[in-house]
Amino acid sequence: QDVGRGTFSNRHAIVRDYNDGSEWIPLRALISGGADRKLQMWDVATGKPIVSLATTSDWITSMVRVPETDLLMAGCLSGELVLVDEATMLPVKTETVAGSGIWGMDLSPDGKRLALATRRNAVVVIELSGWLSQAQTVRQAALAQQPPQP
């Protein structure tokens with residue numbers, strides 16, 4: 001792997017995989033969350049909030065946007081993983097998956113697996129196929145309940 005920088009700042013870091021030529025820019029968005037149980041994703045380039053999420057889970061510590069979907073996944077210090085439909089801002093699924101607090105998370109390059117770094121110095125990998133199919137079902141039900149647009 002190689003890290004390229006557009007400027008001296010690491011917010012422009014590009015991680016390159018020399019095996020397949022793919023690039024990953026990890027800091028396109030910045031996440032803020034805490035004890036207020038509110039999570040905000042900020043666009044690093046503009047400094048403006050992209051999305052805000054209120055949850056009943058304790059201490060939101062991390063979040064990722066699932067590529068090619070309108071889904072967000074938030075990790076909590078309680079060990080809960082919350083899947084949210086960004087279009088409706090409805091929680092799709094909440095489940096305790098880590099057995100201890102989630103400190104960080106990241107998606108595999110193909111977006112099919114989610115790796116969770118836990119408070120107990122462990123990594124938990126989750127296959128997302130079931131989570132994503134359940135999200136589609138909840139979203140369709142939510143859209144069916146909305147009144148028609150004039």
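Residues numbered from 1 in each chain as written. Predicted model: local features only at pLDDT ≥ 70, side-chain atom pairs only at ≥ 80, totals over all residues. Heavy atoms only, no water.

Participant: Could you give me a rundown of the sheet that holds strand β11 (residues 102-107), with the residues and numbers involved?
Facilitator: Pairing is antiparallel in the open sheet, where three strands are placed in the order β11-β12-β13. Two strands lie at the open edges of the sheet, namely β11 and β13 (123-127), each paired on one side alone. Taking each pair of neighbouring strands and ignoring which way they run, the sheet shows an average axis angle of 20°. When strand β12 (residues 113-118) meets β13, the two strands line up antiparallel, connected through five bridges. By the bridge assignment for β13, Ala117 is matched with Val123. (Pairing = 2+ DSSP bridges. Helix = DSSP H or I, 4+ residues; strand = E, 2+ residues; numbered from the N terminus. Axes fitted to C-alpha atoms, helices over the stretch in contact; angles between N-to-C directions.)

Participant: With reference to specific residues and values, describe the nonpolar core.
Facilitator: Among the nonpolar cores identified, the biggest contains 16 residues, and Met73, Leu81, Leu83, Met105, Leu114 and Leu116 are the most heavily contacted of them. Counting residues per element, the ones that place at least two in this core are β7 (60-66), β8 (71-76), β9 (80-85), β11, β12 and α1 (129-145). Among the elements that take part in this core, β11 stands out by supplying three residues, more than any other. If near-sequence neighbours (up to four positions away) are discounted, Met73 is found in contact with Ser62, Met63, Val64, Val66, Leu81, Val82, Leu83, Met105, Leu114, Leu128 and Trp131. (Core = buried A, V, L, I, M, F, W, Y, C linked by side-chain atoms within 4.5 Å. Buried < 20%, exposed > 50% of the residue type's maximum accessible area, 1.4 Å probe, protein only. Contact = heavy atoms within 4.5 Å.)

Participant: Just give me the short version of the pattern of salt bridges, but keep the residues and values in it.
Facilitator: Enumeration over the complete set of coordinates arrives at two salt bridges. As a salt-bridge pair, Glu95 and Lys93 come within 3.3 Å of each other at their nearest N and O atoms. Note that Arg113 and Asp110 form a salt bridge whose closest N and O atoms lie 3.7 Å from each other. Among the residues examined, Asp110 registers a relative accessible area of 42% and is labelled partly exposed. (Salt bridge = Lys/Arg side-chain N within 4 Å of Asp/Glu carboxyl O.)

Participant: I'd like a description of the environment of Asn121, backed by residues and values.
Facilitator: Turning to its location among the elements, Asn121 is positioned in the loop between β12 and β13. When its relative accessible area of 77% is taken as the criterion, Asn121 is described as exposed. A C-alpha to C-alpha distance of 9.6 Å links Asn121 and Ser100, two positions 21 residues apart in sequence.

Participant: Explain the packing of aromatic side chains to me, using residue names and the numbers behind them.
Facilitator: Counted according to the given criterion, the structure contains zero aromatic pairs. Just above the ring of Trp131 sits the side chain of Lys93; from NZ or CZ to the centre is 4.3 Å. (Phe/Tyr/Trp six-rings, centres within 6.5 Å; stacked < 30°, edge-to-face > 60°. Lys NZ or Arg CZ within 6 Å of the ring centre and 35° of its normal.)

Participant: I'd like a description of the pairing of β7, backed by residues and values.
Facilitator: Along a regular strand, successive side chains alternate from one face of the sheet to the other. Within β7, five of the seven residues are buried, leaving the element largely enclosed by the surrounding structure. One ladder, built from six bridges, connects β7 with β8; its direction is antiparallel. What sits directly across from Ile60, in β8, is Cys76. Between β7 and β8, which pair antiparallel in sequence order, lie four residues; one of them, Glu68, sits at a positive phi of approximately 60°.

Participant: Lay out the sheet that holds strand β10 (residues 90-96) in plain terms, naming residues and giving numbers.
Facilitator: Reading across from one edge, β7-β8-β9-β10 is the order of the four strands in this open sheet, with antiparallel pairing throughout. Every other strand in the sheet has two partners, leaving β7 and β10 as the edge strands with one partner each. Strand-to-strand twist across the sheet, computed as the mean angle between neighbouring axes with direction ignored, equals 20°.

Participant: Now, about the confidence of the model for the protein: what can you tell me, with residues and values included?
Facilitator: The predicted model of the protein has a mean per-residue pLDDT of 75, with 73% of residues at 70 or higher. Here strand β1 (residues 2-5) stands out as the least confident element of the protein, with mean pLDDT 42; β12 is the most confident, with 91. (pLDDT = per-residue confidence, 0-100.)

Participant: Any chance you could break down the environment of Pro67 for me, citing the residues and the numbers?
Facilitator: Along the polypeptide, Pro67 turns up in the loop between β7 and β8. Residue classification places Pro67 among the partly exposed positions, given a relative accessible area of 42%. Put simply, Pro67 and Lys112 are 45 residues apart on the chain and 9.5 Å apart in space, counted from C-alpha to C-alpha. When near neighbours in sequence (up to four residues on either side) are disregarded, Pro67 contacts Leu107 and Gly111.

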